[in-house]
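Close look at the chain arrangement
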Number of protein chains: 2
Amino acid sequence: MSQMPVNKRHRASRDSERTRAALLATGTEIFAELGFDGAKVGAIAERAGVNKAMINYHFGGKQGLYTAILETTFAEANSALSVLRGRAESADELLRRFVEVWAGIAERRPAFPAMVLREVLSGGRHMDQRVLPSFLGLFEHVREVVERGVREGTFRPVNPLLTHLALVGSLVFFFATRSFRERLIREGKLPAAIPDTAGFVRHVQELTTRGLAREGSP
Amino acid sequence: MSQMPVNKRHRASRDSERTRAALLATGTEIFAELGFDGAKVGAIAERAGVNKAMINYHFGGKQGLYTAILETTFAEANSALSVLRGRAESADELLRRFVEVWAGIAERRPAFPAMVLREVLSGGRHMDQRVLPSFLGLFEHVREVVERGVREGTFRPVNPLLTHLALVGSLVFFFATRSFRERLIREGKLPAAIPDTAGFVRHVQELTTRGLAREGSP
DNA sequence: GTCTATAGGCTGATAGAC
DNA sequence: GTCTATCAGCCTATAGAC
């Protein structure tokens, strides 16, 4: 794959780092927008203001750039979600926080929900082995909280995986479809008001905590 | 676009219809699996057991085939969901039925959830003008029911669009990610049991109806 | 590290025989 | 309607100068 630069990145010049960073940032945008096959390395290089050949030099090719981007994106999301780990709050409260943190990630990194969705849709076709752990890590946060809530009796005895799929499905769908939805609304094709993130967060929080609550647990 | 065949389809031979049908069926599979850019017309023709040139003859090209597939897929889903329109059941019960009908569509047409997701992800980049109405139609069913439930006081005063996004997001995510999830579980990489559709349907039904219920309504 | 130029492969579409 | 043969364009990757 990438031969020299990976091993001597500590010696890399300031310009070199700038080139790498520009390719990572622009590549994230374009891969999220168009998918692996739709994204063209020429377009990435051009928008990044960098020579096309630099993708091969720094990342060993299109696939290498994509892998580097997935690693960065998923690792960052995992790290953001980890602030909830081992906290003392109630399972109910932790689930509310989870939704907020997730929304925060999606706001800061708009490409993240789309990348997740594209990967699961294509069955991980372009996902390197090394990325799988941090990808799967994304799906442990809900499970832990739900298991605790069920054990402590504040939640109904729900299946953690189903809970996770329903919750994350809502989140990922809301954020990944945002630009399309807002365009349709702006063009008058979808008769509704553009929903704001805070409102959606509250909606999902209420829906989830009420939906999971054991009767007589409010 | 497609010159003759569209106008004289009523005169088409049996073989011609078989060719068209094979391309539609196989194209649906492959487009859902790989997306518009990932799908190659050569692969579609080969798996369909049909000559590559037939895609251009019958559909005017790759884009034409894709448009025909979207039309068919969305129209069928809309028609299946329409059985719920104007029914006498409670809003609560209608929402439960909605989830069941949606799951039924996804079981019969596994490509449907993926096609919806790929389209919203790419901002409708490959969606023909003519398909937009039937696409938007997909998003009216929940709205009607929720508005009624809120009006009648069985639901909390929730935003119909947010409710729709959360509910359909859960559904589409569950079904579109199914094969990937099941593969990961089978390979032992995701420690969980493969969830069955019926269980997911019940989970979402409970989550939604409890989550939307006005306090002291059940 | 960065650039230009180009090789080499693949893809979608068409021409024309049957 | 269907098939074969083929073309033109695009896209990734590399060789080699600086």
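Please read these numbers as outputs of a predicted model, since none were measured by experiment.

Along its length, chain A carries 12 helices and 0 strands. Beginning at the N terminus, the succession of helices and strands in chain A can be written as α-α-α-α-α-α-α-α-α-α-α-α. Dimensions of chain A, computed from the C-alpha atoms along their principal axes, are close to 65 × 45 × 30 Å. Looking at chain A as a whole, 56% of its 218 residues are labelled buried. Intrachain contacts of chain A at a sequence separation of at least 6 include 67% that bridge at least 24 residues. Measuring between centres, the 31 positive side-chain charges of chain A sit 4 Å from its 24 negative side-chain charges.

Among the structural elements, Arg156 of chain A can be located in the loop between helix H9 (141–152) and helix H10 (160–176). Buried charged residue Arg156 of chain A carries no salt bridge. Nearest counter-charge: Glu206 of chain B, at 4.7 Å. A polar contact of 2.5 Å, which involves the side chain of Arg156 of chain A, links it to the backbone oxygen of Gly211 of chain A. Aside from chain neighbours lying at most four places away, what touches Arg156 of chain A is Val150, Gly211, Leu212, Ala213, Arg214 and Glu215 of chain A together with Glu206, Leu207 and Arg210 of chain B.

At the interface, 57 residues of chain B touch 57 residues of chain A. In this assembly, chain B packs against chain A so that about 4,700 Å² is buried in total across both faces, 71% of it on carbon and sulfur atoms. The interface formed by chain B and chain A includes 4 salt bridges. Where Glu215 of chain A meets Arg210 of chain B, a salt bridge forms, and the shortest distance between an N and an O atom there is 3.2 Å. Taken together, chain B and chain A are joined by 9 residue pairs in polar contact (both at pLDDT 80 or more). Listed by contribution, the elements that provide at least two residues to the side of chain B that touches chain A are helix H2 (14–38), helix H7 (111–121), helix H8 (132–137), helix H10 (160–176), helix H11 (178–186) and helix H12 (197–212) of chain B. By residue number, the principal contributor to the side of chain B that touches chain A is H10 of chain B, which donates 12 residues.

Lining the immediate surroundings of DNA strand D are 18 residues, of which Lys52 and Lys62 of chain A together with Thr19, Asn51 and His58 of chain B lie closest. Within the backbone of Asp15 of chain B, one N or O atom sits 3.4 Å away from a phosphate oxygen of DNA strand D. Between DNA strand D and Ser16 of chain B there is a distance of 3.4 Å, counted from a sugar or linking oxygen to a side-chain nitrogen or oxygen. Those elements that provide at least two residues to the surface near DNA strand D are helix H3 (41–48) of chain A together with H2 and helix H4 (53–59) of chain B.

The environment of DNA strand C is made up of 17 residues, and the closest members are Thr19, Asn51 and His58 of chain A together with Lys52 and Lys62 of chain B. Among the atoms of DNA strand C lying within 4 Å of the protein, the sugar-phosphate backbone contributes 62%. For DNA strand C, a sugar or linking oxygen lies 3.4 Å from a polar atom in the side chain of Ser16 of chain A. In the model, a phosphate oxygen of DNA strand C is placed 2.9 Å from a nitrogen or oxygen of the Lys62 of chain B side chain. No other element matches helix H4 (residues 53–59) of chain A, which puts 4 residues into the surface near DNA strand C. For the surface near DNA strand C, a count of residues per class yields 6 nonpolar, 7 polar and 4 charged.

This part is about the relation of the copies chain B and chain A. By a simple turn and slide, chain B fits onto chain A: the slide is 0.0 Å along the axis, the RMSD is 0.0 Å, and the turn is 180°. In symmetry terms, the pair is related by a two-fold rotation axis. Nearest to the rotation axis, the C-alpha of Gly211 of chain B is located 2.1 Å from it, this being the minimum over chain B. Here 98% of the contact residues of chain B are again contact residues in chain A; the copies associate through an equivalent surface.

Now for the pattern of salt bridges. According to the stated counting rule, one finds 40 salt bridges over all chains in the structure shown. Glu89 of chain A is the salt-bridge partner of Arg97 of chain A, the closest N and O atoms lying 3.6 Å from each other. With relative accessibility at 30%, the residue Arg97 of chain A sits in the partly exposed group. For Arg97 of chain B, the salt bridge identified is with Glu93 of chain B, shortest N-O distance 3.4 Å. With Arg97 of chain B and Glu93 of chain B both in helix H6 (residues 91–108), this residue pair falls 4 residues apart, about one helical turn. Linked by salt bridges that have partners in common, Asp92, Arg96, Glu206 and Arg210 of chain A together with Glu215 of chain B make up one network.

So, on to the packing of aromatic side chains. Per the counting criterion, the structure on display carries 24 aromatic pairs over all chains. Ring centres of Phe135 of chain A and Phe180 of chain B lie 5.9 Å apart, and the angle between their planes is 45°; this geometry places the pair in the tilted category. On the criterion of chain membership, the pair formed by Phe135 of chain A in helix H8 (residues 132–137) and Phe180 of chain B in helix H11 is interchain, its members lying in two chains. Side by side, Phe135 of chain A and Phe180 of chain B carry an identical accessibility label, which is buried. Between Phe174 of chain A and Phe175 of chain A, the aromatic rings sit 5.0 Å apart at their centres with planes inclined by 85°, giving edge-to-face as the arrangement. A relative accessible area of 0% places Phe174 of chain A in the buried class. Judged by its relative accessible area of 7%, Phe175 of chain A falls in the buried class. The rings of Phe74, Trp102, Phe112, Phe135, Phe139, Phe174, Phe175 and Phe200 of chain A together with Phe180 of chain B are connected pair by pair, giving a single aromatic cluster. Between Lys62 of chain A and the ring centre of Phe36 of chain A, over which it is positioned, the NZ or CZ distance is 4.7 Å. Looking at Arg181 of chain A, its charged tip hangs above the ring of Phe174 of chain A, at a distance of 4.5 Å from the centre.

Each value, and the rule that gives it
Residues numbered from 1 in each chain as written. Chains lettered and ligands numbered in written order. Predicted model: local features only at pLDDT ≥ 70, side-chain atom pairs only at ≥ 80, totals over all residues. Heavy atoms only, no water. Helix = DSSP H or I, 4+ residues; strand = E, 2+ residues; numbered from the N terminus. Buried < 20%, exposed > 50% of the residue type's maximum accessible area, 1.4 Å probe, protein only. Contact = heavy atoms within 4.5 Å. Lys, Arg positive; Asp, Glu negative; His and termini not counted. Charge placed at Lys NZ, Arg CZ, Asp CG, Glu CD. Salt bridge = Lys/Arg side-chain N within 4 Å of Asp/Glu carboxyl O. Polar contact = N/O pair within 3.5 Å; in protein donor to acceptor, adjacent residues only side chain to side chain. Buried area = accessible area lost by both parts, 1.4 Å probe. Near = heavy atom within 4 Å. Nonpolar A, V, L, I, M, F, W, Y, C, P; charged D, E, K, R; others polar. Least-squares fit on C-alpha atoms with pLDDT ≥ 70 in both. Phe/Tyr/Trp six-rings, centres within 6.5 Å; stacked < 30°, edge-to-face > 60°. Lys NZ or Arg CZ within 6 Å of the ring centre and 35° of its normal.

Keep in mind these values describe shape, not function.
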